[in-house]
Amino acid sequence: MYLLLALGITLGVLFIGGAVMGFIAGFVDAMHENEVGTTSTMSMMTVGGVCMILALCLILHWVFLHLGFASYSEGRIPRPVRWKVILGIILAMAGMAVLNCIVYNPIAEPDGTLLTESDNKMREFFIWMKAHPYTSILMMIIIEATANLVICGAVLREILEWKHRPAIVITVYAVIMAFISISVSRPLLIIPAMLMAQLEGWVFEYSRSVIPVIIGDVVFWIVMLCLMGTVFSGWWLLPVAVLIVGGTILTLKVMEPYKPID
């Protein structure tokens with residue numbers, strides 16, 4: 001039900017936003033006596049896209065928080081040890097961001113080597129993010145907060161409360177999220193995508209709070225933004241493994257005494 005509600009709101013915002021953007025473009029064409037369809041500049045598309053994303057996130061937040069489907073509660077982890085959880089998540093997600101850049105970094109590819117239209121679109125997206133770092137980080141904070149509020153705070157929470165089999169539920173969740181993420185990119189990204197989804201699923205299971213999950217995703221994008229376009233050699237896999245394994249062990253070990261009991 002939560003996914004259908006979120007999907008319905010998303011489609012509604014996209015439909016209305018697209019209609020408004022089309023009306024504005026037509027109005028601008030009429031003002032300048034241009035042929036219909038002339039106005040479709042990148043700046044207008046970017047502003048329109050950002051406005052639609054912000055509107056969608058605000059509506060989803062209002063609906064899910066107002067109706068009590070999800071919340072930003074502090075969860076089960078006591079404050080004295082919460083910083084250790086955050087530290088572990090930062091280390092693990094930083095390592096996953098580096099791994100993601102090693103596996104797939106279209107900005108680092110020489111011109112003419114990107115074969116698919118998806119690669120070229122991702123390259124343009126990454127280039128835009130590098131050119132607008134503060135806007136990109138702000139947008140990612142809003143998007144990740146909204147996505148985690150809906151997916152973890154509502155959908156995953158409801159499934160775990162209905163059938164508390166975290167090993168099965170979180171594994172299925174990780175597989176689904178991995179295939180969704182690689183549908184717009186290269187198949188090799190299934191590895192970091194599954195690792196991220198597994199970690200986030202267990203963090204939410206232990207803490208029952210979306211806040212640490214959001215922090216981890218934001219750290220991931222900040223590190224990604226800093227490393228986009230960097231060419232990595234094979235030895236980088238060693239510090240990546242140390243960060244991911246060390247951060248994951250620290251995070252789960254600290255939360256172990258507070259996890260829900262069947």
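To be clear, the structure that these remarks concern was listed above.
Conventions adopted
Residues numbered from 1 in each chain as written. Predicted model: local features only at pLDDT ≥ 70, side-chain atom pairs only at ≥ 80, totals over all residues. Heavy atoms only, no water. Helix = DSSP H or I, 4+ residues; strand = E, 2+ residues; numbered from the N terminus. Contact = heavy atoms within 4.5 Å. Areas by Shrake-Rupley, 256 points an atom, 1.4 Å probe, with all protein chains shown as cover. 1 Å grid on protein atoms, 1.4 Å probe; cavity = no way out; pocket = protein on both sides within 12 Å on 5 of 7 lines; lining within 4 Å. Points joined across faces, edges and corners; volume = space filled by probe spheres on them. Nonpolar A, V, L, I, M, F, W, Y, C, P; charged D, E, K, R; others polar.

Okay, the overall build of the chain next. Within the chain one finds nine helices and zero strands. The order of helices and strands in the chain, counted from the N terminus, is α-α-α-α-α-α-α-α-α. By sequence separation, contacts in the chain at least 24 residues apart represent 77% of the contacts at least 6 residues apart. As presented, the chain carries roughly 14,400 Å² of accessible surface, and 74% of it is formed by carbon and sulfur atoms.

In this approach a probe as big as a water molecule rolls over the atoms, and the regions it shows empty are the leftover space. Going through the model one piece at a time under the given rule, you end up with one cavity of 30 Å³ or more. The calculated volume of the largest cavity comes to roughly 40 Å³. If you go around the largest cavity, the residues you meet are Ile89, Met93, Leu199, Glu200, Val203, Pro212, Val213, Gly216 and Asp217. When contributions to the lining of the largest cavity are tallied by element, the ones reaching two or more residues are α3 (79-103), α7 (190-207) and α8 (211-227). Tallying contributions element by element places α8 first for the lining of the largest cavity, with four residues. Taken together, the residues that form the lining of the largest cavity break down as six nonpolar, one polar and two charged.

Here we take up unusual backbone geometry. The phi dihedral of arginine 208 falls on the positive side, at around 55 degrees, and the residue is not glycine. Along the chain, arginine 208 falls in the loop between α7 and α8.

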